[in-house]
Amino acid sequence: MIKQAIIPLAGLGTRLLPLTSVFPKELLPINGKPGIEYILDECIDAGIKEVIFIISNKKKMIKTYFYNDNFYKKIIKKKKDKRIKNEYKKILRYKKMIKFVYQNKPLGTGDAVLKTKKFIKDNFFLMLLPDDLIIKKNCSKSMIKIHKKYNASVMASMNVRKNNVSRWGIYKLKNKINKNNYLISDVIEKPSVKKAPSNKAVIGRYILPREIFSKLLTQKPGKGGEIHITDAIQTLIQNNKKFIAHNFSGKYLDCGSMSGYIKSTLKIARS
Ligand code: UTP
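Now for a description of the structure that goes with this document.

Parameters at a glance
Numbering of residues starts from 1 in each chain and follows the order in which that chain's sequence is written. Only residues with pLDDT of 70 or above have their local features reported here, since the model is predicted, and side-chain atom pairs are shown and tallied only from 80 upward, although totals for entire chains, interfaces and linings are computed over all residues. The side-chain numbers reported here are obtained from all heavy atoms of the structure, hydrogens and water having been left aside. Where helices are involved, their axes are fitted lines through C-alpha atoms of the stretch in contact, as for all axes, and angles between N-to-C directions lie from 0 to 180°. Numbering of helices and strands runs from the N terminus, with a helix taken as a DSSP run of H or I at least four residues long and a strand as a DSSP run of E at least two residues long. Each angle gets one of four labels, with under 35 degrees taken as roughly parallel, over 145 as roughly antiparallel, 65 to 115 as roughly perpendicular, and the rest as oblique. Should the near helix be turned anticlockwise from the far one by less than a right angle, the crossing is termed left-handed; should it be turned clockwise, right-handed. Contacts are assigned to residue pairs with any non-hydrogen atoms lying within 4.5 Å of each other. By the convention adopted, Pro, Cys, Tyr, Trp, Phe, Met, Ile, Leu, Val and Ala count as nonpolar, Lys, Arg, Asp and Glu as charged, and the other residues, Gly among them, as polar. Any two strands between which DSSP finds at least two bridges are classified as paired. Note on terminology: near, applied to a residue and a molecule or strand, indicates that one of the residue's heavy atoms is within 4 Å of it. Pairs of N or O atoms are called polar contacts if they sit within 3.5 Å, as long as, within protein, a hydrogen donor faces a hydrogen acceptor (for residues adjacent in sequence, only side-chain-to-side-chain pairs). Shrake-Rupley sampling with a 1.4 Å probe provides the accessible areas, and residues are treated as covered by the protein chains on show and by no other component. Whenever a carboxyl oxygen of Asp or Glu lies within 4 Å of a side-chain nitrogen of Lys or Arg, that contact is scored as a salt bridge. Burial classes follow relative accessibility: with a 1.4 Å probe on protein chains only, a residue under 20% of its type's maximum area counts as buried, one over 50% as exposed, and anything between as partly exposed. Patches draw on residues past 30% relative accessible area with no salt bridge. Two like charges within 9 Å are joined, as are two nonpolar side chains (Val, Leu, Ile, Met, Phe, Trp, Tyr) within 5 Å. For the purpose of counting charges, residues Lys and Arg are taken to be positive, whereas Asp and Glu are taken to be negative. His and the chain ends are not included. Note on charges: their place is set at NZ of Lys, CZ of Arg, CG of Asp or CD of Glu. Classification of ring pairs rests on two measures: the distance between centres of Phe, Tyr or Trp rings, Trp counted by its six-membered ring, which must be within 6.5 Å, and the angle between planes, read as stacked under 30 degrees, edge-to-face over 60 and tilted in between.

Some thoughts on the packing of helix H3 (residues 69–79) against helix H4 (residues 82–97)
Following both chains from N to C, one finds H3 and H4 inclined at 155 degrees, their axes separated by 10 Å at the closest point. As the angle between them shows, H3 and H4 are arranged roughly antiparallel. In this structure, the crossing between H3 and H4 has a hand that is left-handed. Counting all contacts with H3, which are made through Asp69, Tyr72, Lys73, Ile75, Ile76 and Lys79, the residues of H4 involved are Ile84, Lys85, Tyr88, Ile91, Leu92 and Lys95. For the contact of H3 with H4, the class distribution of residues is 7 nonpolar, no polar and 5 charged.

Some words on the pairing of strand S9 (residues 169–178)
In the sheet, S9 pairs with strand S10 (residues 181–189) via 8 bridges, with the strands oriented antiparallel. Looking at the pairing, Ile170 lines up with Ile188 of S10. The turn joining S9 and S10, which pair antiparallel and follow one another in sequence, is formed by 2 residues. As paired strands, S9 and strand S11 (residues 200–209) are joined by 2 bridges and run antiparallel to one another. Looking at S11, one finds that Ile170 is bridged to Ala201.

Focus on the site of the ligand
The immediate surroundings of the ligand are formed by 18 residues, with Thr14, Arg15, Lys25, Gln103 and Gly108 found nearest. At 2.9 Å, a backbone N or O of Ala10 approaches an oxygen atom of the ligand. For the ligand, whose free accessible area comes to 560 Å², the fraction covered by protein is 85%.

Observations regarding the pattern of salt bridges
Using the criterion set out here, one finds 13 salt bridges in the structure. Between Lys241 and Glu211 there is a salt bridge; the shortest N-O distance is 2.7 Å. Taken together, the positions of Lys241 in the loop between helix H8 (229–238) and strand S12 (243–247) and Glu211 in the loop between S11 and helix H7 (212–217) put the pair 30 residues apart, joining distant regions of the chain. Taking relative accessible area as the criterion, Glu211 reaches 33% and is therefore assigned partly exposed. Linked by salt bridges that have partners in common, Arg15, Lys25 and Asp131 make up one network.

Topic: the pairing of S12
Where burial is concerned, most of S12 is hidden: 5 out of the 5 residues are buried. Alternating residues of S12 divide into Phe243, Ala245 and Asn247 and Ile244 and His246, and every residue in both groups is buried. Alignment of strand S8 (residues 153–159) against S12, held across 5 bridges, turns out to be parallel. Residue pairing across strands places Ser153 opposite Phe243, the latter belonging to S12. As defined by bridge partners, S10 adjoins S12 across 3 bridges and the pair is classed as antiparallel. Among the inter-strand pairings, Leu183 is bridged to a residue of S12, identified as Ile244.

Thoughts on a positive patch on the surface
Residues Lys136, Arg161, Lys251, Lys263, Lys267 and Arg270 make up a contiguous surface patch of positive charge. Following the sequence through the fold, Arg270 ends up in helix H9 (residues 258–270). Arg270 gets classed as exposed once you look at its relative accessible area, which sits at 69%.

Digging into the packing of aromatic side chains
A complete count under the given rule lists 9 aromatic pairs for this structure. Ring plane angle 65 degrees and centroid distance 6.2 Å describe the contact between Tyr67 and Phe100, whose orientation is recorded as edge-to-face. With Tyr67 in the loop between helix H2 (61–66) and H3 and Phe100 in strand S5 (residues 98–102), this residue pair connects regions lying 33 residues apart in the sequence. With a relative accessible area of 41%, Tyr67 lands in the partly exposed category. We classify Phe100 as buried; its relative accessible area is 14%. Relative to Tyr88, the ring of Tyr72 has its centre 4.9 Å away and its plane inclined at 15 degrees; by these criteria the two rings are stacked. Taken together, the positions of Tyr72 in helix H3 and Tyr88 in helix H4 put the pair 16 residues apart, joining distant regions of the chain.

Have a look at this one:
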């Protein structure tokens, strides 16, 4: 069973400046609810019991959001407002399942994952990138089912436009398991159009094996000088570890860029 999830939140969020100059992007509201709560709700609904947040000193506000008890207690005492009481209850429920670890230098997603090494208890865990919202169908839940069936690592996947491949991790297909699930033979972080093995991209949901940590310990920086999780996954694939790409059926919303964030807000408000 997959019981633990990790969420890297220590990036700088430069594509969302100026909104992110003092405010963590994961707390930005999407139709009246912070983006991170959509991700937590997906985890809870998928049966996750513990979530590890990788934050930084600069993004301590994320922790404060879940640890603002005195403030809530005072307000509730004074106002006895049912809505506020329910919101506080919800925050307490989230807080119970969250642990915090720190990555104070944003050296890349791979380095962020490595910070959770001593907290991961099982052979596999889930990772969600909070910029990637997937609505209408719980992607993590579907991936956990695939993982159970094949006892393999799983990554969410989607076809992207050929001229856009350099924004994503792009994979090469080894063979089709069935209509929505493929075995992967290679994955390349942000390839040029020329070097991309396909137009199949990895989206921010991963079921990773604990072995990834030993690969990350020796992982050299890749594209842009960062330590990418994709490069460690490629090493595992080369070592014959099974990775399945799952073509999810929910609706993908990119909340990491300014235009994507605005569009996502509109999409959710209208859905
Ligand atoms: P991105 O590189 O897509 O986002 O990281 P970013 O760095 O936050 O934002 P931009 O590109 O400057 O606009 C994907 C996810 O990984 C986390 C980010 O917080 C984001 O959720 N991340 C990235 C880390 O936790 N640590 C890192 O060193 C890099």
